[in-house]
Amino acid sequence: MNNAGIKTREGLVYDPTQDCKLVGAARAIAGVKDAITIVHARPGCHCGVLLLRALGSNQNDIRIVSSGLRAQDMVYGAEGRLTEAIMESYIDFKPALIAVCNCSAPAIMGDDVEGVVHAMKEEIPAELTALSTGGYEGPAWMGYEETLAELIRFMGPCEKESDIVNLIGVKDDDVNAYADLLEIKRMLNSQGITINAILTSSSFDEIRKAPKASLNVVLGGDGLESAKIMQQKFDLPYVITPYPIGLNNSIEFLDLITRGLNKALNQEFIETERERIKERIENIFLFLQGVYDTSVAVIGDSAHAFSLARFLSYELCFNVKVLAITSKNHISLAEAKIDDYFETVLIEPDRFEMNEEIKTKGVGLVFGSTLEKKLAWELGAPLVRMFYPVIDEVTISDTPYAGFRGVPHIIEKIVNSVINNYVEV
Amino acid sequence: MHEGVSAGFLRPLINAYCSLPLHGITAIPGKISGALMVADAIEDAIPLIHGPIGCSYQRKINPFRPYLPFYDTPCTDMNDLDVVYGGEDKLRLGIQETEKRYHPNLIVVITTCASDLIGDDFKAVIEETKGDVGCEVVYTTGDFTEKSKPVGYQDSLYAITDQMICNGIEKEEIAKNEGSVNIITFPIHGAGLKTDEMASVLREMGIKINKVCFDHTRVKDLLDLPMAELTITDYPMAWTKLMKERLDVDHYETVAWDSYKESRNAELLSPYGIEGSTRVFTEIAKRMDKEGEAEEVLERRKSEAKGRLLAVRKGLAGKKVAYTAMGGLHSLEVMLLQDMGMEASVIIYNTLGLERLLSEDAIQEILDMSLEWAKKYGSDPEVLVNPTTEEERKAMKKTGTDLAVLSSLSNAVYELDKAGIRTFNPLEFMLHHQRVGFECPIELAIQLKEALKKPQRRKPLLSMLEYDTRRTNLIPHWAKLADMFVRLREGAIGDKCEV
């Protein structure tokens, strides 16, 4: 435990709750709708990223290919393979951007990936970039941050337009990402605000034109580095907002953005939404009274988990016994110091230590990802899947977790997860 | 995994994930995935991944078992400093900490690209550390078995055999369990776990069962493997050969690959169905000097099974069936013709996925094998090589096909359903039912009859999608990924083999 009361892992052995840089980078590029990611690595890394993507996002939109690095290439290098993969990717998919993720094996071997990318720029009419994503170089969130920062290289100065914003920190394979974006757009539209580019859930061209926005909105702190660079480079201000989970986070989200744009908040819209939520809550108020004061654990990434924990604690009045931040960002430590809505906060914990901690807390409900399924089963507690990666639940409806419309949906999920189990007494 | 209450949940769960076009189609799982399957199948073992966090975290979702994540995958958290200065100290401390934390009886150290390339001396570290921990420690690099597939699986079993089972023991010291065999299956092969009938037949023949792995297997069970006289596996395994070499424990493979290569008798590739199972049991009996006992047991069991099958398969004999040519490699086509008495009407041969793995001759040999089989059992099927769905549909209509035994993993079965051709999912049967023994064909007969009675599915929503014309189960986008994968992997050592 450090001075701020934040628990970090103690052992040398690490059963990680987060992925490596490659996955962070691949997630960022996957959100560029007309980009291809080439995983320049041994087959396992490519297979792993492809599997995560195929199980956790839209199965008709997989744009991840392997460079075909083979065992025999470990001796002589795989630059030729990579060249071929870039060419094939262009011929087959005609992408606007090809991002090469240079992973552990070729990075250690010393493949000149930058050189290949530079040479291929002459050959194909697509933009190319090389990303340094060796597994040993850092965790996923760093890969995500660095990739967003890299995308800025392709942006140029634009004439600013008023009342349009960029969203930064979006990952389109997050749970309910598509429905969440629809709701966020609806909420912003209610304030006379439109979205320019989404980093990342936009076309490459839209991303290139990101500087024409009047404000960058950094969701939950993810992608902050890119917002800072854009402020410097394009004089584009930014606000950090909570991810809009729950009523109050949603209001704060709109409040911060409208203030950032020097606009008045449309209170009428908020009141209508508040009224709608009230009606829905009334429909099941007895159940909500029943689950009041439940002890819970929240295990998820920084951008979403702090917001959810606040909603659960302040609004549903649950006891957040443990808040485990599996993947942090630049504001996580500051967020963790505001400690009036959780008992214990763990930052990037070791899975073994985290589970041991949670098992002592009398938790009756777990908010996590697919990877918390065993823990939840051991605790005999329902698991509400709220965080990446979720590979054992699909979402194809337009019902969000975010925003005002997300409030009844989350409540529905929580109450159902508690009452729809078969138990013998 | 045992049958029981959970089977009701497990089968649809496995099925839900089995259509993923990954293995050799658009991707190849790395060695860590296979090695984790082995470590996870040993109840009191724990893996320790010597590498960066991604090698641990990403493999929790394992292409061999995507429906059930691997929750415990500790790693040494290799970072850039370790890549420069070496990771041996971390490995040493990591082994000690893993033992203290998880209290396993075996730590399986799985090396990664990073630790392999920087030249860490795994062997020295483990030999040095073994004495400090109260458990066995082995390491697997993927290099012990000359890229036998699946690499991680083969290599880690070899490592366990080399560094633990055969380590420090002479064959003379082993207290033999006379007249006994080991039956080895693996979760990768799904229904191979169903070994009850096989064990029961062997026992009746006077052959003792020393161990069945991997079925709640513990380290002690593995250490007891050399007590048997014979180890039975489905395919050839490097580790069983090593056990023969070091401790004189013989090995037997139900798919008689080596014998096939000499005789080209395709029956040797089929260990299932009544005749296939009889061959397997007879060969095991011969190896165990129990031919006399076996003759009576097999005659009786066979005759009883045949009687039941005859009753159950009423209405199946003579029905026209379309299926994919597999050259008997998965035995289903043999059972359809031999045990069910069905008539092959259309044989579909999709070579697109095979071209990367097999030589041209081998691809042709598989088709020839399938055709020979069909002819042997009195069929004269129409053969379609890489057909479109429309060509499949037309051929089936023309031949009056009653049932298409095709999987949505390789064919657009919904289009056939829509056209009024009933379908049967061979993949589900192979995963959950197919096994050595006499009950299996009876189950198949029951299921085929049910399939023939199924209400027709004339409006499948899946038909709304556009599919690739060659890879008929994939949408064009995935077909591109698959095509590109094949092109980019071209010439990879170890990918291609002869039959």
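Residues numbered from 1 in each chain as written. Chains lettered and ligands numbered in written order. Predicted model: local features only at pLDDT ≥ 70, side-chain atom pairs only at ≥ 80, totals over all residues. Heavy atoms only, no water.

Asks: Would you mind going over the overall build of chain B with me for this structure?
Replies: Helix and strand content of chain B: 21 helices and twelve strands. Taken over the C-alpha trace, chain B has a radius of gyration of 24 Å; the compact-globule value for 499 residues is 23 Å, and the two agree within 12%. With the C-alpha coordinates of chain B rotated into their principal frame, the extents come out at 70 × 60 × 45 Å. Residues classed as buried in chain B amount to 59% of the 499 residues present. Here the analysis covers contacts within chain B between residues at least 6 apart in sequence; of these, 72% occur between residues at least 24 apart. Summed over all atoms, the accessible surface of chain B reaches about 20,100 Å², with 51% contributed by carbon and sulfur. Within chain B, the 78 negative side-chain charges are centred at a point lying 7 Å from the centre of the 61 positive side-chain charges. (Helix = DSSP H or I, 4+ residues; strand = E, 2+ residues; numbered from the N terminus. Rg over C-alpha atoms; globule rule 2.2 N^0.38 Å. Buried < 20%, exposed > 50% of the residue type's maximum accessible area, 1.4 Å probe, protein only. Contact = heavy atoms within 4.5 Å. Areas by Shrake-Rupley, 256 points an atom, 1.4 Å probe, with all protein chains shown as cover. Lys, Arg positive; Asp, Glu negative; His and termini not counted. Charge placed at Lys NZ, Arg CZ, Asp CG, Glu CD.)

Asks: What is the right way to look at the interface of chain A and chain B in this model?
Replies: Note: interface size is frequently given as the accessible area lost on complex formation between the parts. Taken together, the 65 residues of chain A in the interface contact 58 residues of chain B. Interface of chain A and chain B: buried area, both sides summed, is about 5,300 Å²; carbon and sulfur atoms make up 68% of it. Contact with chain B buries surface across chain A, with L12, V13 and Y136 of chain A losing the most and accounting together for 13% of the total. Counting across the chain A and chain B interface gives seven salt bridges. Residue D15 of chain A is joined to K60 of chain B by a salt bridge in which the shortest nitrogen-to-oxygen separation is 2.6 Å. Between chain A and chain B we count 18 residue pairs in polar contact (both at pLDDT 80 or more) in total. Those elements that provide at least two residues to the side of chain A that touches chain B are α1 (21-30), α2 (43-56), β3 (64-66), α4 (79-93), α5 (104-109), α16 (351-359) and α17 (373-379) of chain A. When residues of the side of chain A that touches chain B are assigned to their parent elements, the largest contribution, twelve residues, is made by α2 of chain A. Among the residues forming the side of chain A that touches chain B, the class breakdown is 33 nonpolar, 15 polar and 17 charged. (Buried area = accessible area lost by both parts, 1.4 Å probe. Salt bridge = Lys/Arg side-chain N within 4 Å of Asp/Glu carboxyl O. Polar contact = N/O pair within 3.5 Å; in protein donor to acceptor, adjacent residues only side chain to side chain. Nonpolar A, V, L, I, M, F, W, Y, C, P; charged D, E, K, R; others polar.)

Asks: Looking at this structure, I do not really get the sheet that holds strand β7 (residues 250-253) of chain B. What am I missing?
Replies: Two strands in a sheet stick together by hydrogen bonds in their backbones, pointing the same way (parallel) or opposite ways (antiparallel). Residue and element names in this part refer to chain B. On the basis of which strands lie adjacent, the open sheet formed by four strands has the order β5-β4-β6-β7 and parallel pairing. Looking along the sheet, the strands with just one partner apiece sit at the ends: β5 (208-213) and β7. The sheet shows a mean angle of 25 degrees between the axes of neighbouring strands, taken without regard to direction. Contacts between helix α11 (residues 238-247) and the sheet are confined to β4 (180-184), β6 (230-233) and β7, with β7 contributing the most and set at about 150 degrees to the helix. The sheet strands contacting helix α13 (residues 273-287) are β6 and β7, and the helix crosses β7 at an angle near 170 degrees. (Pairing = 2+ DSSP bridges. Axes fitted to C-alpha atoms, helices over the stretch in contact; angles between N-to-C directions.)

Asks: What exactly am I supposed to notice about the sheet that holds β3 of chain A here?
Replies: Residue and element names in this part refer to chain A. Read across the sheet, four strands follow the order β3-β2-β4-β5 without closing on themselves; strand pairing throughout is parallel. What marks the edges here is a single partner per strand, and that holds for β3 and β5 (127-132). For this sheet, the mean angle separating the axes of adjacent strands, direction not counted, is 25 degrees. With three bridges joining them, strand β2 (residues 35-40) and β3 adopt parallel strand pairing. Bridge pairing in β3 places I38 opposite V65. Running at roughly 160 degrees to β3, α2 makes contact with β2 and β3 of the sheet.

Asks: Which parts of the structure should I look at to understand unusual backbone geometry?
Replies: Comment: phi is negative for the bulk of residues other than glycine, and the bulk of peptide bonds are trans. A cis geometry characterises the amide bond from Y388 of chain A onward to P389 of chain A, with omega recorded as -5 degrees. Mapped onto the elements of the fold, P389 of chain A is located in the loop between β14 (383-385) and α18 (403-419). Omega for the peptide link from C213 of chain B to F214 of chain B comes to 0 degrees, which places this bond in the cis form. One can find F214 of chain B in the loop between β5 and α10 (219-223). Positive phi outside glycine occurs at D293 of chain A, with the angle close to 75 degrees. By secondary structure assignment, the location of D293 of chain A is in the loop between α13 (285-291) and β10 (295-300). Located in the positive-phi region is D77 of chain B, a residue other than glycine, with phi close to 55 degrees.

Asks: It is not clear to me how the domain arrangement of chain B should be interpreted in this structure. Could you clarify?
Replies: All names here are of chain B. Examined at the domain level, chain B breaks down into domain 1 (7-165), domain 2 (171-298) and domain 3 (323-481). Here the C-alpha centre of domain 3 lies 30 Å away from the C-alpha centre of domain 2. If you look at the interface, domain 2 gives 25 residues, while domain 3 gives 25 residues. Between domain 2 and domain 3, roughly 2,100 Å² of surface is buried when both sides are summed, and carbon and sulfur atoms account for 59% of that area. (Domains from an automatic or database assignment.)

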